[in-house]
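Spelled out, the chains give:
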Amino acid sequence: MEPPVGWGMSFQSPELLWLLLLPPLLAGWGWLELRRGRGSGFAWLPEAARFRGAARGSRWLSWGLYGLALVLGLVALARPQAWITVLAERSNVVMVMDVSFSMQADDVEPNRLEAAKVAARLFIDDVPSSVYIGLVSFAQTAQVESPLSRNHKGVQEQVRLLALRDTTAIGDGLMLGLELFDLGGRKALIPSSIILLSDGRNKMGVDPKEAAQRAAELGVVVHTIGVGSSDAFASRLVPGEGFDEGELRAISEITGGQFFTAESAEALKKIYQELGRTVSTRREPTEIAAFFSLAAGLLLMASLVLAQLSRRVL
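The following paragraphs examine the structure supplied in this document.

Reading the values: the criteria
- Residues numbered from 1 in each chain as written.
- Predicted model: local features only at pLDDT ≥ 70, side-chain atom pairs only at ≥ 80, totals over all residues.
- Heavy atoms only, no water.
- Helix = DSSP H or I, 4+ residues; strand = E, 2+ residues; numbered from the N terminus.
- Buried < 20%, exposed > 50% of the residue type's maximum accessible area, 1.4 Å probe, protein only.
- Contact = heavy atoms within 4.5 Å.
- Areas by Shrake-Rupley, 256 points an atom, 1.4 Å probe, with all protein chains shown as cover.
- Axes fitted to C-alpha atoms, helices over the stretch in contact; angles between N-to-C directions.
- Parallel < 35°, antiparallel > 145°, perpendicular 65-115°, else oblique.
- Left-handed = near helix turned anticlockwise from the far one by under 90°.
- Salt bridge = Lys/Arg side-chain N within 4 Å of Asp/Glu carboxyl O.

Remarks on the overall build of the protein chain
Next up, step 1: Each helix and strand in the protein chain was counted, giving nine helices and 11 strands.
Next up, step 2: Residues counted as buried form 45% of the 314 residues belonging to the protein chain.
Next up, step 3: Considering only contacts in the protein chain between residues 6 or more positions apart, those separated by 24 or more positions represent 80%.
Next up, step 4: Total accessible area on the protein chain is roughly 16,000 Å²; 56% of this is exposed by carbon and sulfur atoms.

Written out as structure tokens, the structure is:
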């Protein structure tokens, strides 16, 4: 199972991690035996690690190395795997863009829609040809501007032609974007994501959170961008209430995506640039148990060598 975003390692046999309780229990038992004066207290150690007369520091260092080797060996039994990011052989991404009249606000120069168009077209330029791109616009209604396609120049042209319309139906735009993946109710087998950009609040149609839940069920990640100033009256041309941060953030969190805010054209470009790297890659597991086993073996050897060099051996 893939770990949550931000984790770099998972385990194929995590139940075996309970064995990690053994080293501290054995160490505690040995310490109690020493306190009670019953022999070395560490009879379970290899013979070379049980010695007296050596410097106290060397003795404890040898035991510590042995204990660490035991821990790493037990971790190896749980079959750890690292998750690495590689370029996807194919990925699908649908850009869902708000074209409501508020997108003509000039707080983002030259205005929100034109800045979004420029950033979106740069995004299309940057992603590799293995990425299939679709485009949906939404206002009062949602409509497909371009189906999923490797014809990036054609999608760029459709972005350029986007025109303003009335009101905002975020949920409808998201649902229509999901239809472009043509999943037939099945979970996506290749990396599939939506980049949803809006400067307003949902006013009609499908509840955006319900649409986000549907996206999560289909394995489609939705990244959301709130564009415009947090000051509702930053634009004298189109004053208003601004985007609904709570709603956009919830959409991304439900689907495992990221939420961004953009108050400038430059910020929009950077966001799309970052998303270009995200949507064109996938994470795959690589088993690394051998590295833990090797480290455990080296530490065990170091422990035994240190014990021999510091003897008198029992």
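Concerning the packing of helix H3 (residues 112–126) against helix H8 (residues 265–279)
Next up, step 1: In the contact formed by H3 and H8, the axes pass within 9 Å of each other and the chain directions differ by 30°. If you check the angle between H3 and H8, you find them roughly parallel. Relative to H8, H3 is oriented so that their crossing is right-handed. Within the contact between the two elements, H3 uses Ala-115, Ala-116, Val-118, Ala-119, Ala-120, Leu-122 and Phe-123 and H8 uses Ala-265, Leu-268, Lys-269, Tyr-272, Leu-275, Gly-276 and Val-279.

Focus: the pattern of salt bridges
Side chains that differ in sign of charge can pair as their charged atoms come close.
Next up, step 1: Applying the stated criterion to the full structure yields eight salt bridges.
Next up, step 2: Ionic pairing is found between Lys-153 and Asp-125, a salt bridge with its closest N-O pair at 3.8 Å. Separated by 28 residues along the polypeptide, Lys-153 in helix H4 (residues 152–160) and Asp-125 in helix H3 bring together distant segments of the chain.
Next up, step 3: In this structure Asp-125 comes out as partly exposed when scored by relative accessible area, which is 47%.
Next up, step 4: Each of the salt bridges in this network shares a partner with another, and the network as a whole consists of Asp-107, Arg-112 and Asp-199.

Structural notes on unusual backbone geometry
Next up, step 1: Here the amide bond leading from Glu-109 into Pro-110 is cis, since omega sits at -5°, within 30 degrees of zero.
Next up, step 2: Mapped onto the fold, Pro-110 is located in the loop between strand E4 (91–98) and H3.
Next up, step 3: Non-glycine residue Asp-182 carries a positive phi angle of around 50°.
Next up, step 4: The topology assignment puts Asp-182 in the loop between helix H5 (170–179) and strand E7 (192–198).

These figures come from the coordinates and say nothing about function on their own.
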